[in-house]
Amino acid sequence: MKTATPAMARAINDRLALDLLLDRGPLTAPQLRELTGLSRPTVSDLIERLTQGGLIEVTGESGEARRGPNARVYGLVAGRAHVAGVDLRRETISVAVADITGQVVGSRTRPIGGDLVDLVAEVVTEAAGEREIDTVVVGAPGLVAPRDGELVSSNDVPGWRTGLVAAWRERLGVPVTLENEVNLAAIAELRTGAAQGAEDFVLMWVGDGVGAAVVLGGRLRRGVSGGAGEIGFLEVDGTAFCNLVTESVANRLDRAEFAARLAKGAFAFVTLLDPGLVVLGGEAGQAGGGELAAEVAARLRELAPAPTEVRASTVAGNAVLQGAVLTALDQARDHVFG
């Protein structure tokens, strides 16, 4: 086993401090020493490095009552990098731009129409304003191959064609990643929603399309071809599951019947994966709230021996868009912070 070089040790310490500033907000040097366990000289050195590198800046002074001058408070330079999350659906495109701290600083929504390369580039540019974008993550329906990030199935988005990801990269001049939209919604649930603290769960998406995302061991599982969670193809009572629980169907059914149908779909995941938690997302899944979740849980108890909690999504707003921004931030921070 090799010991860390001085340069590697500095990089590790710097990233530790930056992650603490992301998680806790602005901190003083004494607070950084306490939270990291690093020595006074080491913290002083990393503060100087990060300041000179344009990653942190003095944001104020502590109000602690003590002798001598107040301690400086250091925070991240929010404008050091910006990312764009894109939710590309069959009828609309939504874009959110966030700074490196995750604060959304611009957004746009527009109907789908025209060439998708032009459309995505234009809406991202409008949402960004005068800001330069470092990373873009696009969420769209369909199977996305994990190896090359290209769509491997039709997704009914008007104008979709092979080679869009490469065309977006060339047009925007920055890294662009394509991800299945329900997978991105699951990232949002894991980080900020109903699945916080859960290592294993399944997100069942019922709304503009029907699908699911699988998270095991705290990691999104896509499958070899990106098809993990494509529950819409599952045959239930002789009918494709996607035709049993669409939003229009949900509006016609009483809650008990809709819950019974959802439980039959969730049963497949419970028997095969035993995730312990199923989150109901999408417009119809979220709208049912706790009452629908409780009804689905009750039906599941009748079908499966494995105990499974069912919760309604708690992500406020567009979960796909939030997941896209979070994923883009992970990529940008690794690039900018090291």
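All values reported here derive from a predicted model rather than from experimental measurement.

1. Some thoughts on the packing of helix 9 (residues 255-273) against helix 11 (residues 289-303)
It is the contact of helix 9 with helix 11, at a shortest axis distance of 8 Å, that shows an interaxial angle of 55°. On the basis of the axis angle, helix 9 is oblique to helix 11. Judged by the twist between their axes, the crossing of helix 9 over helix 11 is right-handed. The segment helix 9 lies against helix 11, with Arg255, Ala256, Phe258, Ala259, Ala260, Leu262, Ala263, Lys264, Ala266, Phe267 and Val270 engaging Glu291, Leu292, Glu295, Val296, Arg299, Leu300 and Leu303. For the contact of helix 9 with helix 11, the class distribution of residues is 13 nonpolar, no polar and 5 charged.

2. Some remarks on the sheet that holds strand 5 (residues 92-99)
Spatial strand order, 6-5-4-7-8: 5 strands in an open sheet with mixed pairing. Both outer strands of the open sheet, strand 6 (104-111) and strand 8 (176-180), are each paired with one neighbouring strand and no more. Taken pair by pair, the neighbouring strands of this sheet meet at an average axis angle of 15°, ignoring direction. The pairing of strand 7 (residues 135-140) with strand 8 spans 5 bridges and is classified as parallel. Across the sheet, the residue bridging to valine 136 is valine 176, located in strand 8. The strands touched by helix 4 (residues 116-128) are strand 4 (82-88), strand 5 and strand 6; relative to strand 6, the strand with the most contacts, the crossing angle is about 145°. Its contacts with the sheet place helix 6 (residues 181-192) against strand 7 and strand 8, and it is angled at close to 90° to strand 8.

3. A look at the packing of aromatic side chains
Scanning all chains against the criterion turns up 1 aromatic pair. Their ring planes at 80° and their centres at 5.8 Å tell us that tryptophan 160 and tryptophan 168 sit as a pair that is edge-to-face. Just as tryptophan 160 is buried, tryptophan 168 falls in that class too.

Basis of the calculations
- Residues numbered from 1 in each chain as written.
- Predicted model: local features only at pLDDT ≥ 70, side-chain atom pairs only at ≥ 80, totals over all residues.
- Heavy atoms only, no water.
- Axes fitted to C-alpha atoms, helices over the stretch in contact; angles between N-to-C directions.
- Helix = DSSP H or I, 4+ residues; strand = E, 2+ residues; numbered from the N terminus.
- Parallel < 35°, antiparallel > 145°, perpendicular 65-115°, else oblique.
- Left-handed = near helix turned anticlockwise from the far one by under 90°.
- Contact = heavy atoms within 4.5 Å.
- Nonpolar A, V, L, I, M, F, W, Y, C, P; charged D, E, K, R; others polar.
- Pairing = 2+ DSSP bridges.
- Phe/Tyr/Trp six-rings, centres within 6.5 Å; stacked < 30°, edge-to-face > 60°.
- Buried < 20%, exposed > 50% of the residue type's maximum accessible area, 1.4 Å probe, protein only.

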